[in-house]
Amino acid sequence: MNELITSTAAQLAEKLSAKEVSSEEVAQAHLDRIGEVDGGERGVHAFLHVNSEEALAVAREVDAIRAAGGDDAAALHPLAGVPIAIKDLIVTVGQPTTAGSRILEGWMSPYDATVIKKIRAAKLPILGKTNLDEFAMGSSTEHSAFGPTRNPWDLDRIPGGSGGGSAAAVAAFEAPLALGTDTGGSIRQPGAVTGTVGVKPTYGAVSRYGAIAMASSLDQIGPVSRSVLDAALLQELIGGHDPFDSTSLTDPFDTLVAAARNGSVEGLRIGVVKELGGEGYQAGVEARFRDAVELLRGAGAQVVEVSCPNFKYALGAYYLIMPSEVSSNLAKFDGVRYGLRVLPKDGPLTIERVMGATRAAGFGDEAKRRIILGTYALSAGYYDAYYGSAQKVRTLIQRDFDAAFAQADVLISPTAPTTAFKLGEKLDDPLAMYLNDVATIPANLAGVPGLSLPGGLADEDGLPVGIQLLAPAREDARLYRVGAALESLLEAQWGGPLLAKAPVLGGVK
Amino acid sequence: MAEITRDDVAHLAQLARIEMSPEELDKMAGELAHIVDAVKSVSEAAGPDVPATSHPIALSNVFREDTVGHVLTPEEALSGAPDAEDDRFKVPAILDEE
Amino acid sequence: MSDATLSFDEAMEQFDPVLGFEVHVELNTKTKMFSSAPNAFGDDPNTNVNEVDLGMPGVLPVVNKAAVESSIKIGLALNCEIAESCRFARKNYFYPDTPKNFQTSQYDEPIAHNGWIDIELEDGEVFRVEIERAHMEEDAGKLTHLGGATGRIQGADYSLVDYNRAGVPLVEIVTKPIVGAGRRAPELARAYVAAIREIVKNLGVSDARMERGNVRCDANVSLMPKGATKFGIRSETKNVNSLRSVEHAVRFEIQRHAAVLAAGEKVTQETRHWHEDTRTTTSGRPKSDADDYRYFPEPDLVPIHASREWVESLRAQLPEPPAERRKRLKAAWGYSDPEFRDVVNAGVMDSIEETISAGASAAAARKWWMGEIVGRAKVADVDPAELGVSAAAIVELNGLVEGGKLNNKMAGQVLDGVIAGEGTPTQVMEARGLVLVSDDGPLLEAIDAALAAQPDVAEKIRGGKTQAVGAIVGGVMKATRGQADAGRVKELILERLGVEA
Ligand SMILES: [Mg+2]
Ligand SMILES: [Zn+2]
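A brief structural summary.

Rules used in this analysis
Residues numbered from 1 in each chain as written. Chains lettered and ligands numbered in written order. Predicted model: local features only at pLDDT ≥ 70, side-chain atom pairs only at ≥ 80, totals over all residues. Heavy atoms only, no water. Contact = heavy atoms within 4.5 Å. Buried area = accessible area lost by both parts, 1.4 Å probe. Salt bridge = Lys/Arg side-chain N within 4 Å of Asp/Glu carboxyl O. Core = buried A, V, L, I, M, F, W, Y, C linked by side-chain atoms within 4.5 Å. Buried < 20%, exposed > 50% of the residue type's maximum accessible area, 1.4 Å probe, protein only. Helix = DSSP H or I, 4+ residues; strand = E, 2+ residues; numbered from the N terminus. Pairing = 2+ DSSP bridges. Axes fitted to C-alpha atoms, helices over the stretch in contact; angles between N-to-C directions. Donors = N, O, S within 2.8 Å, 3.2 Å for Na, K, Ca; no water. Parallel < 35°, antiparallel > 145°, perpendicular 65-115°, else oblique. Nonpolar A, V, L, I, M, F, W, Y, C, P; charged D, E, K, R; others polar. Phe/Tyr/Trp six-rings, centres within 6.5 Å; stacked < 30°, edge-to-face > 60°. Lys NZ or Arg CZ within 6 Å of the ring centre and 35° of its normal.

### Remarks on the interface of chain A and chain B
Interface size is commonly expressed as the accessible area that is lost once the parts come together. Taken together, the contact between chain A and chain B spans 60 residues of the former and 52 residues of the latter. Summed over both sides, the interface of chain A with chain B buries roughly 4,800 Å², with 70% coming from carbon and sulfur. Put simply, chain A and chain B have three salt bridges between them. Across the pair Lys 368 of chain A and Glu 24 of chain B runs a salt bridge whose closest N-O atoms are separated by 3.7 Å.

See the structure below:
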């Protein structure tokens, strides 16, 4: 494979600033790769829209600035010219934003998300928009209205979700970097099952302005990459305070890259969460997880077991809070101001009936299921028992984290209980699907940051396993320090990145 | 199992403005009952003394100064509208009377 | 279909009314509640909107600090407690004027609660109205119903939506049930809304123009049998948007409820629509969502903690309350009750206060405003203050009259000139050649001519019928085109005829 597409973002950045390659060549190589592996019957189908012209134009602009030299060249962002893919839940001027839903098909946002403004300012060519479960609701990307994305490790398997498109794009070398959004694990779980790195920052560390809301109190935009350092570079770029997001933190998050460059676990207390393992966890997942813990211990970390007894309520609390917020956040899709409008087949033509017909036709089954569930959980007579109780569970989970972080600097667990399952396998069993997020959800409920990195391949199926690291709120840097250390320990064992073991897609060169 | 009838779902679907066929209502009632069963232990998890957390990271008093910022042009505002007239969004009748 | 009503007197013989009001006040901030788009009235459709106001995918709200401060001021002016901590909530319902299909409002934690205001009725009787809460929320867009015959929602074929008003900051003021108003309930309703309007206008937080919808009233009415203490079933008449309508709507609902109850039936708990043309209400279609708004805390906004220092610094900025100010001014000016009430009702209290501080006496200020300017404003169909007569001009004009330079009739002409923009009173007087003739020479000439013209009258006066002098005075005034001092003319005539006054 072309070295331009297998390089990490950090490696590309170095080659670009050394003028060993041009940004245009890099962008073109990725566009070529997309053309090679993304389309067709058995394509990865990571992209819903490919933005070739604009990406190349931005790349040429970066090349011109570099060629001219001087202050402008010196002022270029380190990632200038490194291409990126954007989860199609994040609004972009000039490209359609669909949220993976028929109800927004063809919609063009008149404004850019804050993270997109930052990416444009830093001059990263945007390759296109990546596939996702409709409105980020799912763990397999099968709930996309535009067809599923396939896992580059096995094209018959799911790439995780909801950000399966971003993870698959990065795993299939279609993009070195991508943006995801993580509400209950939608960055980390796809990372785990595709052998890539994904980070959910501390809630509020990255602006949500322009990320189409699924569950406002849980959503967070974060980086998808092939290395811990790349994720740090991207989070530092997109993070920071945004006055357009009232939940945006004012704390600086500017030590992430330094942390990723100085990975170490010497003397660090690492907490194994007792409740995130055991029943429901695939044997191969648990084996790789234990290996990782032993590697850390061998590198000087002090491993302790911690208990988070209320994590058993996390999935239930999540499946009350999330759909409740979903039911309200998705109310705006009604066929009045933008998007699809469908007229009722018969009977009187009133706006109420048009809204009903539009939403019936525009939303898929999972979206409808969650909207109805959320409507139920918020409705009179049920609020206290459901939504209210779930908010209390959130407090209990935060207390569990507080207690655990009193004993450990970082927590560790498998990211997902299983490796990638077969397409269609859990599509008709919502509860089985929901269990994929059991280990990732507590971080969203508590707002703490979480990082998933590849932990090796499960013995029984040869598919990637993800290791999740969790840190206290605002301590994202700690994740990058530990993540980078574990990554280098593992890669030393493997003799290179895990993705080097992935099957070769497309035409072999 | 949680008692969720087709009529309950029909009411929820009406509140949520999603037209549903009788078959969809039946299917949804069954699925909903299952999910509610799976999550309802939540209501017994915390006692009355536990406060609710609605924001994962507690902030307060996040304000904007009262200074005029950007606006969209009517063309931008209406660019995605399914129907429009005279720079306004056009919607079918609100009432079906008369 | 029109509802049966009992006469108001019959209703009052049998029942005691209980009232309740929800008044929405639009704040006059520069920008909207949650977006930086302009808060402006009357602009072209969908020009004061950005992606936030249109509820576009991905947008987030940010609270306008000025709107919060205005809301706290309203709370303080209504003698409310200001919550140490409050938050926003989502009120979920689908309606095309509501861009997100939820209204961002406050629910269980309003910014202000537990207040009161004293409402003075025209005869001076004072009612204390207790305030349940005042909360912050956002306005909806504006729907125009087309295709029907009437422009009303009923029978329209389609509607057009302008979201300029969407997101305009509102404060909703909710009263506790008002018991004991008896037959004065309609009057109290009007006076309450008038008082709220006056308070928010006085605070400077709202333009308070009811005709623009800056102040909008929902009126709740229920009846209970005389002497009972358990409230009856209420109706809520929505959007009663003038003071006159508030009074009529409450009166109509009392009469309608009375007819229902007197017939042994139950009042339906419902929303009613007010019809200004017929002065009646009709049943609103029961909204299917209305029973279940699925409120929950707005996750995109964070709580507001109003520190006591902040609240006190806002309290220190409050102007004198209108009722106290009226009491103070009435005492200072020495007007009688009816005099002062007329001044207030004519809307010239501020103008009179300015005129007095510009140097006029209280009596003179009242004379000019009530005697001259109010009438002219009525003819011109504008507010008296909008005629453009400055306090300084009135002081100057009054000085000209008192100094004998103008008589009252001429002063009226000068005032007309001032209103027409011809300049200061002195400039108008000079330009129009209005000079009071007080030099006896020219007057005597005119008197002699008048006496000669009416010899019979002159004879009568000589004979002692001094009251007939008026006819001669009139002749002189006519000859001098009104520019003579009538008093001096009378003196001179009597002198000429050798009659003792
Ligand atoms: Mg109300
Ligand atoms: Zn309201």
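### Overview of the nonpolar core
Judged by nonpolar contacts, the single largest core of 192 residues is most densely connected at Leu 179 and Tyr 480 of chain A. When residues of this core are assigned to their parent elements, the largest contribution, nine residues, is made by helix 15 (residues 384-407) of chain A. Within the second largest apolar cluster, 73 residues are counted, among which are Phe 34, Ala 189, Val 215 and Val 246 of chain C.

### A look at the sheet that holds strand 6 (residues 102-105) of chain C
In sheet architecture, strand pairing relies on hydrogen bonds along the backbone and comes in two forms, parallel and antiparallel. If you trace the three strands from one edge of the open sheet to the other, you get 6-5-17 (chain C), paired in antiparallel fashion. At either margin of the open sheet sits one strand with a lone partner, and together these are strand 6 and strand 17 (296-297) of chain C. Two elements, strand 5 (residues 89-92) of chain C and strand 6 of chain C, share four bridges in a ladder whose sense is antiparallel. When the sheet's bridge partners are listed, Arg 90 of chain C is paired in strand 6 of chain C with Thr 104 of chain C. Across the face of the sheet, helix 12 (residues 314-329) of chain A comes into contact with strand 5, strand 6 and strand 17 of chain C while running at roughly 60 degrees to strand 5 of chain C.

### Comments concerning the coordination of the zinc ion (ligand 2)
Residue and element names in this part refer to chain C. Taken together, the protein donors to the zinc ion (ligand 2) comprise His 24 (NE2), Glu 137 (OE) and Glu 172 (OE), at separations of 1.9 to 2.1 Å. Within one chain, the residues donating to the zinc ion (ligand 2) are spaced in sequence as H-x112-E-x34-E. A separation of 3.9 Å is found between the zinc ion (ligand 2) and the magnesium ion (ligand 1), which are bridged by Glu 172. Here Glu 137, found in strand 8 (residues 126-138), pairs with Glu 172, found in strand 11 (residues 169-175); they are 35 residues apart in sequence, far enough to count as distant. The class of Glu 137 is buried, set by a relative accessible area of 2%. Take Glu 172: its relative accessible area is 9%, and that puts it in the buried class.

### Focus on the packing of helix 12 of chain A against helix 14 (residues 365-378) of chain A
All names here are of chain A. Contact pair helix 12 / helix 14: the axes reach a minimum separation of 7 Å and the direction vectors enclose 100 degrees. One element, helix 12, and the other, helix 14, form an angle in the roughly perpendicular class. Here Tyr 319, Leu 320, Met 322, Pro 323, Ser 324, Val 326 and Ser 327 of helix 12 come into contact with helix 14, specifically with Arg 370, Ile 371, Leu 373, Gly 374, Thr 375, Ala 377 and Leu 378. Split into classes, the residues belonging to the contact of helix 12 with helix 14 amount to nine nonpolar, four polar and one charged.

### Quick notes on the coordination of the magnesium ion (ligand 1)
The textbook angles at a metal center are 109.5 degrees for a tetrahedron of four donors and 90 or 180 degrees for an octahedron of six. At this site the magnesium ion (ligand 1) is bound by Glu 22 of chain C (OE) and Glu 172 of chain C (OE), with donor distances of 2.5 to 2.7 Å. In this structure Glu 22 of chain C comes out as buried when scored by relative accessible area, which is 18%.

### With respect to the packing of aromatic side chains
Inspection of every chain in the model, using the stated rule, returns 25 aromatic pairs over all chains. Ring centres of Trp 107 of chain A and Tyr 338 of chain A lie 5.9 Å apart, and the angle between their planes is 45 degrees; this geometry places the pair in the tilted category. Separated by 231 residues along the polypeptide, Trp 107 of chain A in the loop between strand 2 (84-87) and helix 6 (114-121) and Tyr 338 of chain A in the loop between helix 12 and helix 13 (351-362) bring together distant segments of the chain. There is no split in this pair, since Trp 107 of chain A and Tyr 338 of chain A are both buried. Taken together, the ring pairs connect Trp 107, Phe 135, Phe 333, Tyr 338 and Phe 363 of chain A into an aromatic cluster. Above the ring of Trp 116 of chain C, the side-chain terminus of Arg 128 of chain C is found at 3.7 Å from the ring centroid. Taking NZ or CZ as reference, Arg 251 of chain C lies 4.3 Å from the ring centre of Phe 8 of chain C, over its face.

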